[in-house]
Amino acid sequence: MVFRKLPGVSASGMGLRLSQKFVFLLFLSGLVTLCFGALFFLPDSVRLKRIFLSKTETQPVTVGSGSENDVREHLKRPKDQEHPRKPSVSHEATEERLAGGKAQEDLTLLRSKTESASEKSTSSDHGATSDTFSYKKFKRCLLRPPLGTDDGKPSDPKTNERREKVKEMMKFAWDNYKRYAWGKNELQPLTRNGHIGNMFGGLRGASIIDSLDTLYIMGLVEEYNDAKDWVQTSLDLNSNGEASLFEVNIRYVGGLLSAYYLTGEELFKNKAVELGEKLLPAFNTPTGIPRGVINLGSWSWGWASAGSSILAEFGTLHLEFVHLTELSGNPIYTEKVMNIRKLLNKIEKPHGLYPNFLSPVSGNWVQHHVSIGGLGDSFYEYLIKSYLMSDKTDDDAKKMYYSALEAIEANLVQKSPGGLTYMAEWRGGILDHKMGHLACFSGGMIGIGADDGAPEKRQHYLDLAAEITHTCHESYTRSATKLGPEAFRFDSGAEATATRLSDRYYILRPEVIESYMYMWRLTHDPKYREWGWEAVQALEEHCRVESGFSGIRDVYTLTVSHDNMQQSFFLSETLKYLYLLFSDDDLLPLEDWVFNTEAHPLPIVHEESGPCMSLS
């Protein structure tokens, strides 16, 4: 037998002598130790270490890895309890108006403090990783200063006088909001109290967040500081109620983002990212198309109903969510909105048009109603603005926009017997010759996209933008108050006038003035400033009341009936667009900024300036 040939091995018992056993055990223990130790020192041993480590040992958690499940688990973790909040700032409105040298001194101080804050927030930029957003680097990537060489002050005295009038209107609206509705969402100027509403799920201060950037660019120093203090001490994002995903995104997230990019205050960035996290569960649907309503107070589903998602709502997230990714380092926000694009590109579109209602469960259109006004409007706006915001590198957005515009021209754009160009609505192949006030933003939209279409169509697009803006101006001039109705028609002999009582109201909307501002910047035709001044005079005469501004119920009668609501978008959009209209073009220049659908400026990322931000 073979064992007999081995030294030290007994043929009968195959046992080992004592000394041999000791040597063998020593050799075996060394071999085991060597193998076990290798598990901890080999380069790929991380998973094996986790097997042998104690289950009680805490493992590090990485947030923002891009995994959807990881992000959801992160969001489900309970937040630390908030510290007791400090009392809100005083409710009394400031009576003294900024004037002369005092105003300039305060404004210089504000800008100095802002620069100091941004310097502090980026003092360790040199040691930051590539994933850390650098405000200092961002500022270097802008082509021009956000506020221009002289805060956009026009050299023409008449134009500057008009700009100062708009600034006074903003201060008047703000002072009355502060006096009677501080911390509420909007002012009710007739009854002199605040309005909360149910759009924001328990969030408060919509007028404050919406006003931050307007106050800042107008140089209303004390008012801006009051607003910032309220955000720091009183903006509670832990509300519990059903909110509109769309409204919270464009007003709160958009307002906080723009305030951060203009001032460098970390407070605004942190609040924006915190709120952005609360919006992510809206996307937990079979298709990834978000529901329109979300409960901000819990991570469970909080849907008001199982109905359809609206094109203008789920299509108006891209600008803000891409910036949330940049500021947080978490790709989940960009992934969510890019998934929306992928689905829209995949499904069939009737005549190339995008209907207004989509099922977030099946991913199919619910009905074939198409409108460039309400329900559809800002989806198209965000396509061209996504392309512009990417420094014209987002070719997918560009392709979607111009394809949609071609379909709109082929199916919706009409010419009235009186020569007015308008956009009708489309209901399953049947045209409804109605155009809403909300659709009047499209003049500006088509204008800013004119240069990037097919070369042979560039002048055509600019002409189309001017024609639509002219039609919307006509809806103003054909009313007794010189303010436009909510919707106007082009049938039964009517042109650019409301024929139904339910369409005659005006709620301080900005869309017509928005197109004036863009068309002024693009053409410098003085008629747009004149049209804007007509709107200022009409607002002063018919909407200004003792304690603020109010919408009116019928633009066709001089016996005005007010609706008792100073909308937050009046401060964010209407007055801001008027102020920009009467300012030089270097105030928030279009080469550096796009405006979200609530007129909150967000920066363009210039590729030629180096890797400032990726914004992909």
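In this text, all values refer to a predicted model and were calculated from it rather than measured experimentally. What you see as residue numbers is a count from 1 along each chain, following the sequence as written. Only residues with pLDDT of at least 70 get local features here, since the model is predicted, and only at 80 or more are side-chain atom pairs given and counted; chain-wide, interface and lining totals rely on the full set of residues. Side-chain measures here rest on the full set of heavy atoms in the structure, leaving out hydrogens and waters.

This brings us to the overall build of the chain. Across its full length, the chain holds 20 helices and 18 strands. In this description, contact between two residues means that some pair of their heavy atoms is separated by no more than 4.5 Å. By sequence separation, contacts in the chain at least 24 residues apart represent 69% of the contacts at least 6 residues apart. Numbering of helices and strands runs from the N terminus, with a helix taken as a DSSP run of H or I at least four residues long and a strand as a DSSP run of E at least two residues long.

Let us now look at unusual backbone geometry. The phi angle of most residues is negative, glycine excepted, and most peptide bonds adopt the trans form. Even without glycine at this site, His524 takes up a positive phi of about 55°. Here His524 lies in the loop between helix H18 (511-523) and helix H19 (527-543). In this scheme, a residue with accessible area under 20% of its type's maximum is buried, one over 50% is exposed, and one in between is partly exposed, where area comes from a 1.4 Å probe on protein chains only. For His524, a relative accessible area of 42% gives the class partly exposed. Phi at Ala599 takes a positive value of approximately 65°, unusual for a residue other than glycine.

Let's shift gears to the packing of aromatic side chains. Centre distance within 6.5 Å is the pairing criterion for rings of Phe, Tyr and Trp, where only the six-membered ring of Trp is used; planes under 30 degrees apart are then read as stacked, over 60 as edge-to-face, and the remainder as tilted. Inspection of every chain in the model, using the stated rule, returns 31 aromatic pairs. Where Tyr476 meets Tyr506, the ring centres are 6.4 Å apart and the plane angle is 75°; that geometry is what we call edge-to-face. Remark: Tyr506 occurs in the loop between strand S14 (487-489) and H18 and Tyr476 occurs in helix H17 (residues 458-477); sequence separation between them is 30 residues. The exposure class of Tyr476 is buried, given its relative accessible area of 3%. Pairwise contacts between aromatic rings join Phe133, Tyr135, Phe138, Tyr260, Tyr261 and Trp593 into one cluster. Here Lys178 stacks its cationic end above the ring of Trp182, 6.0 Å away from the centre of that ring. Should the NZ of a Lys or the CZ of an Arg lie within 6 Å of a ring centre and within 35 degrees of the ring normal, that charge is described as sitting over the ring. Geometry around Phe172 places Arg544 over its ring, the cationic atom sitting 3.8 Å from the centre.

Only buried residues count toward a nonpolar core, which is a set of Ala, Val, Leu, Ile, Met, Phe, Trp, Tyr and Cys residues joined through side-chain atoms within 4.5 Å. Membership of the largest hydrophobic core comes to 156 residues, with the highest contact counts inside it found for Leu344, Tyr380 and Ile446. Top element by residues in this core is helix H9 (residues 245-263). It accounts for twelve residues. Apart from the residues within four sequence positions on either side, Ile446 is in contact with Tyr401, Leu405, Met423, Tyr461, Leu464, Ala465 and Ile468.

UniProt positions are given in the numbering used here, feature names are shortened, and annotations may be inferred rather than shown by experiment. Following the UniProt record, one finds the feature "binding site: Ca(2+)" (unreviewed entry) at Thr597. Note that Thr597 resides in the loop between strand S17 (593-595) and strand S18 (601-603). Relative accessible area serves as the criterion here: at 16%, Thr597 is assigned to the buried category. Any N or O atom pair separated by 3.5 Å or less is treated as a polar contact, with the protein-specific requirement of one donor-capable and one acceptor-capable atom, and with residues adjacent in sequence counted only for side-chain atom pairs. Among the polar contacts listed, one links the side chain of Thr597 to the side chain of Glu381, at a separation of 2.9 Å.

Time to look at H19. Here H19 is 17 residues long and its end C-alpha atoms lie 23 Å apart, about the 24 Å a rise of 1.5 Å per residue gives. Residues of H19 that are buried include every one of Tyr528, Arg529, Trp531, Gly532, Trp533, Ala535, Val536, Ala538, Leu539, His542 and Cys543, and no others. Residues of H19 that are buried make contact with helix H6 (157-181), H17, H18, strand S15 (544-545), strand S16 (548-549) and helix H20 (568-581). Helix span is expected to be 1.5 Å times the residue number reduced by one.

A few words on the sheet that holds strand S11 (residues 425-427). In this scheme, strands are said to pair when DSSP sees at least two bridges between them. If you walk across this open sheet you meet the three strands as S8-S11-S12, and the pairing is antiparallel. Looking along the sheet, the strands with just one partner apiece sit at the ends: strand S8 (369-370) and strand S12 (430-432). Here three bridges tie S11 to S12, and the two strands are oriented antiparallel to one another. Bridge pairing links Trp426 to Leu431 in S12.

It is worth spelling out the confidence of the model for the chain at this point. Per-residue confidence from the predictor is reported as pLDDT, a score between 0 and 100. Within the chain, residue pLDDT values average 84, and 76% of them lie at 70 or more. Counting contacts from residues 1-18, a segment whose pLDDT is below 50, to residues more than four positions away or on other chains yields twelve contacts. For the stretch residues 121-130, pLDDT sits under 50, and the model shows seven contacts to residues farther than four places along the chain or on other chains.

Now for the pattern of salt bridges. Pairing is possible between side chains of opposite charge, provided their charged atoms come close. Salt bridge, as used here: a side-chain nitrogen of Lys or Arg that lies within 4 Å of a carboxyl oxygen of Asp or Glu. Inspection of the entire model under this criterion finds 31 salt bridges. For the salt bridge of Glu168 with Arg544, the shortest nitrogen-to-oxygen distance reads 2.9 Å. Placement of the pair is Glu168 in helix H6 and Arg544 in strand S15, with a sequence separation of 376 residues. The class of Glu168 is buried, set by a relative accessible area of 15%.

Here the focus is the side chain of His542. Examined against the element boundaries, His542 turns out to sit in helix H19. Those residues in contact with His542 that lie beyond four places of it in its chain are Thr481, Leu483, Ile552, Leu558, Val560 and His562.

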